[in-house]
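Here's the letter readout for the chains.
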There are 2 protein chains.
Amino acid sequence: MATRTRRSQRRTEALSRERIVEAAVELLDTAGESGLTFRALTERLATGPGAIYWHVANKDELLAAATDAVVAAAVAVRPAAEALPTPSPEEPEPPASPQDGIRTVALGLFDAIVRHPWLATQLAAQLSRSPWGTVTPRIFESIGQRVRALDVPESSWFTVASALVHYVLGAAGQNAVNSASARALAPGVDRARFLDTVSAAWEGLDPDEYPFTRAVADQIRGHDDREQFLAGVDLVLAGITATHRREPRPAQE
Amino acid sequence: MATRTRRSQRRTEALSRERIVEAAVELLDTAGESGLTFRALTERLATGPGAIYWHVANKDELLAAATDAVVAAAVAVRPAAEALPTPSPEEPEPPASPQDGIRTVALGLFDAIVRHPWLATQLAAQLSRSPWGTVTPRIFESIGQRVRALDVPESSWFTVASALVHYVLGAAGQNAVNSASARALAPGVDRARFLDTVSAAWEGLDPDEYPFTRAVADQIRGHDDREQFLAGVDLVLAGITATHRREPRPAQE
DNA sequence: ACCTGAACACCGTTCAAGT
DNA sequence: ACCTGAACACCGTTCAAGT
């Protein structure tokens, strides 16, 4: 169907790395990870594979660029909820707490993964392939700046920021795709029915091997992904304040 | 080189799903994710592709099975450090705290990812593709059983266990592969030099955009992955006990 | 400097045919 | 029931050739 859709409509705009990455993200969003091929890309951009390879080294680099673009947009969000020191010095809104800032950044990443389900896998791949890339520092910095504003000794900045980033990525990665896979697996089925399916599957597990999972199976039914994600963030935040109190409690070995 | 290594040595053993998965894990360990192909697999098993497809539906299922096998072994570890109620009722060792149990399970997964770097990406892929698969319940159950032993109200079991699992997967995924990529990227370079490279790269970032990352760049130099991973686990554990105290503190909206 | 498009090596998967 | 292996469709990547 749609036999050879010629997309020569706007051959006007010159090809650029930016346009290629943009097309890649669109392709990933609409067709999934397996949908991003150089063939599909050339058709969409009305060009040949050689043209793409002029701007991008290979597919890995393209995936990294797509991931970075989406992450950059996600962590750069400075919503109304969080009032950072504004460029315009007038109207000094009451600055939000660093905790709220962290919640905001975390939710930004969470929502980004919901919008772009492929991000979960790509994030893991990117972070593991090159921690010195652009993706890691971007996320780390965004969280870290808020950690600095917390009451944490400088010697623990790295550990605390890392813990937060790790939780956010782990949770966003798993939680968020639930909603996506609910859509993907059964297009007509809504979220509630999807959760019912998972819940039922868990209740069907072996009672001897999976007592806990079975016990909480019904808690999954009504739960809200974002709410639970935030509850986890708060848990980590509570751990930070509990661990790094005013009085420097020496580690009692 | 090694022109057509015939592996007909032990054509004796019959092919089985188990042997295939085992070979797949070995291939992933030695040759990386891109090294696992049906061609390499058929050569290693001295068979044809059709034989493999008789036991395994497709590559995705094979990857899922390989992931599950490694995870099962990782969370099943019951080291001497943690004394669960033993099958043999004599010699009742002092039972370890649930916190220690959680640390043990977390470290087990951490170490598994260090030994099998491909696990980080696969875990993200597997968890996102099918939360109703075997991998998620396995990890969830292992952590959850220890959560139940903590002083947490039942209504929070699901949230608390999820938070722990998310941190562990996020942290293990990112942290662990650092050591692997250090080896992969520069075979002769040891870990200390690798950390130096990352640290130097972070120090070279834009001072305006990355003040925090630059500030902690030198903290990365001497840090121990496992130690930091455990510090994060303790942070979450501290948050759990701080949030769920004896006196049921009503949420003051 | 930027783009074209045929060509190549390789991959996952299928299937008629064997035992 | 289990295995063989040729064949197919498709993929990432290259490169001589154009402008």
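What counts and how
Residue positions are given per chain, counted from 1 along the sequence in the order it is written. Key to labels: chains lettered from A, ligands numbered from 1, both in the order written. For a predicted model such as this one, the threshold for reporting local features is a pLDDT of at least 70, and the threshold for listing and counting side-chain atom pairs is 80 or more; totals across whole chains, interfaces and linings nevertheless cover every residue. Working from all heavy atoms in the structure, the side-chain values ignore hydrogens and water. Definition of nearness: a residue and a molecule or strand are near each other if at least one heavy atom of the residue lies within 4 Å of the molecule or strand. Here a polar contact is taken to be a pair of N or O atoms separated by no more than 3.5 Å, where protein atoms must pair a possible hydrogen donor with a possible acceptor and residues adjacent in sequence count only if both atoms sit in side chains. A helix here means a DSSP run of H or I that spans at least four residues, while a strand means a run of E at least two residues long, and both kinds are numbered starting from the N terminus. Residues are grouped as follows: Ala, Val, Leu, Ile, Met, Phe, Trp, Tyr, Cys and Pro are nonpolar; Asp, Glu, Lys and Arg are charged; all remaining types, including Gly, are polar. Bear in mind that the domain bounds are from an automatic or database domain assignment. Note on contacts: a residue pair is in contact if any heavy atoms of the two residues lie within 4.5 Å. Summed over both partners, the accessible area lost on bringing two parts together, with a 1.4 Å probe, is the buried area. UniProt positions are given in the numbering used here, feature names are shortened, and annotations may be inferred rather than shown by experiment. All copies are superposed by least squares; the fitting set is the C-alpha atoms of residues with a pLDDT of at least 70 in both. When a residue's accessible area, from a 1.4 Å probe over protein chains only, is under 20% of the maximum for its type it is buried; when over 50% it is exposed; and in between it is partly exposed. By salt bridge we mean one thing: a side-chain nitrogen of Lys or Arg within 4 Å of a carboxyl oxygen of Asp or Glu. Fitted lines through C-alpha atoms give the axes, limited to the stretch in contact for helices. The angle between two N-to-C directions lies from 0 to 180 degrees. Angle categories are assigned with fixed cut-offs, so that under 35 degrees is roughly parallel, over 145 is roughly antiparallel, 65 to 115 is roughly perpendicular, and the rest are oblique. A residue's pLDDT is the predictor's confidence in that residue, given on a scale from 0 to 100.

Glancing now at the protein's contact with DNA strand D. Every one of the 17 residues lining DNA strand D counts as a neighbour, but Arg39, Tyr53 and Lys59 of chain A together with Thr47 and His55 of chain B are closest to it. Within 4 Å of the protein, the contacting atoms of DNA strand D are drawn from sugar and phosphate to the extent of 51%. At 2.6 Å from a phosphate oxygen of DNA strand D is found a side-chain nitrogen or oxygen belonging to lysine 59 of chain A. The separation between a phosphate oxygen of DNA strand D and a polar main-chain atom of leucine 15 of chain B is 3.3 Å. For the surface near DNA strand D, the elements supplying multiple residues, two or more each, are helix H2 (38–45) and helix H3 (49–55) of chain A together with helix H3 (49–55) of chain B. Of the residues forming the surface near DNA strand D, the biggest block, five residues, is contributed by H3 of chain B. The residue makeup of the surface near DNA strand D, split by class, is eight nonpolar, seven polar and two charged.

Our next topic: the domain arrangement of chain A. All names here are of chain A. Examined at the domain level, chain A breaks down into domain 1 (1–56) and domain 2 (92–243). Facing four residues of domain 1, the contacting portion of domain 2 comprises five residues. Counting each side, the surface lost to burial between domain 1 and domain 2 is near 390 Å², with a carbon and sulfur contribution of 57%. The largest contributions to the domain 1 side of the interface with domain 2 come from Leu28, Asp29 and Glu33, which together make up 88% of the buried area. Between the two partners, domain 1 and domain 2, sit three residue pairs in polar contact (both at pLDDT 80 or more). Looking at the side of domain 1 that touches domain 2, its residues break down into two nonpolar, no polar and two charged.

The next point concerns the UniProt feature "DNA-binding region" (unreviewed entry) in chain A. Residues annotated in UniProt with the feature "DNA-binding region" (unreviewed entry) correspond here to residues 37–56 of chain A. Helix makes up 75% of residues 37–56 of chain A and strand makes up 0%, while its end C-alpha atoms are separated by 14 Å.

DNA strand C sits among 17 residues. The nearest are Thr47 and His55 of chain A together with Arg39, Tyr53 and Lys59 of chain B. The separation between a phosphate oxygen of DNA strand C and a polar main-chain atom of glycine 48 of chain A is 3.4 Å. Contact between DNA strand C and glycine 50 of chain A: a base oxygen at 3.1 Å from a main-chain N or O atom of the residue. Counting only elements with at least two residues in the surface near DNA strand C, the list comes to H3 of chain A together with helix H2 (38–45) and H3 of chain B. For the surface near DNA strand C, the element with the highest residue contribution is H3 of chain A, accounting for five residues. Considered class by class, the residues forming the surface near DNA strand C number eight nonpolar, seven polar and two charged.

With that out of the way, let us pick up the relation of the copies chain A and chain B. Least-squares fitting of chain A to chain B yields an RMSD of 0.0 Å, with the superposition described by an axial translation of 0.0 Å and a rotation of 180°. Both chain copies can therefore be described as sitting about a two-fold axis. Both copies share a contact surface, since 100% of the interface residues of chain A are interface residues in chain B too.

Residues and elements named next belong to chain B. Looking at the secondary structure, you find serine 142 in helix H7 (residues 135–149). Given a relative accessible area of 8%, serine 142 falls into the buried group. With sequence-adjacent residues up to four places away left out, serine 142 is seen in contact with Val75 and Val105.

In the UniProt entry, the feature "domain: HTH tetR-type" (unreviewed entry) is given for residues 14–74 of chain A. From the first C-alpha to the last, residues 14–74 of chain A spans 27 Å; its make-up is 75% helix and 0% strand.

Here we take up the interface of chain A and chain B. Each side of the interface is counted separately: chain A has 63 residues, and chain B has 63 residues. Buried area between chain A and chain B, both sides added, is near 5,300 Å², and the carbon and sulfur share of it is 69%. If you look at where chain A meets chain B, you find zero salt bridges. At the level of elements, helix H6 (118–129), helix H7 (135–149), helix H8 (157–185), helix H9 (191–203), helix H10 (211–215) and helix H11 (225–243) of chain A are the ones that each hand at least two residues to the side of chain A that touches chain B. The element best represented in the side of chain A that touches chain B is H8 of chain A, accounting for 19 residues. Looking at the side of chain A that touches chain B, its residues break down into 36 nonpolar, 21 polar and six charged.

Moving on, we come to unusual backbone geometry. In this model, alanine 46 of chain A sits at a positive phi of 50°, which is unusual for a non-glycine residue. Within the secondary structure, alanine 46 of chain A is located in the loop between H2 and H3.

Once that is clear, we can look at the pattern of salt bridges. Residue and element names in this part refer to chain B. Taken as a whole, this structure holds 16 salt bridges over all chains when the rule is applied. One salt bridge in this structure joins arginine 103 and aspartate 100, with 2.7 Å as the shortest N-O distance. Taken as a pair, arginine 103 and aspartate 100 lie in helix H5 (residues 98–115) at a separation of three residues, close to a single helical turn. Given the relative accessible area of 24%, arginine 103 is considered partly exposed. With a relative accessible area of 35%, aspartate 100 lands in the partly exposed category. Between arginine 221 and aspartate 196 there is a salt bridge, and its shortest N-O distance comes to 3.3 Å. Taken together, the residues arginine 221 in the loop between helix H10 (211–215) and helix H11 (225–243) and aspartate 196 in helix H9 (residues 191–203) connect sequence positions 25 residues apart. Exposure remark for aspartate 196: the relative accessible area of 33% places this residue in the partly exposed category.

The next subject is the packing of H6 of chain A against helix H6 (residues 118–129) of chain B. Where H6 of chain A meets H6 of chain B, the axes come as close as 8 Å, and the angle between the chain directions of the two elements is 175°. With respect to H6 of chain B, the element H6 of chain A is oriented roughly antiparallel. Contact residues: H6 of chain A offers Ala120, Thr121, Ala124, Ala125 and Ser128 of chain A, while H6 of chain B offers Ala120, Thr121, Ala124, Ala125 and Ser128 of chain B. Across the contact of H6 of chain A with H6 of chain B, the residue classes tally to six nonpolar, four polar and no charged.

Of all residues in chain A, 78% have pLDDT values of 70 or greater, and the mean over the chain is 84. Counting contacts from residues 1–10 of chain A, a segment whose pLDDT is below 50, to residues more than four positions away or on other chains yields six contacts.

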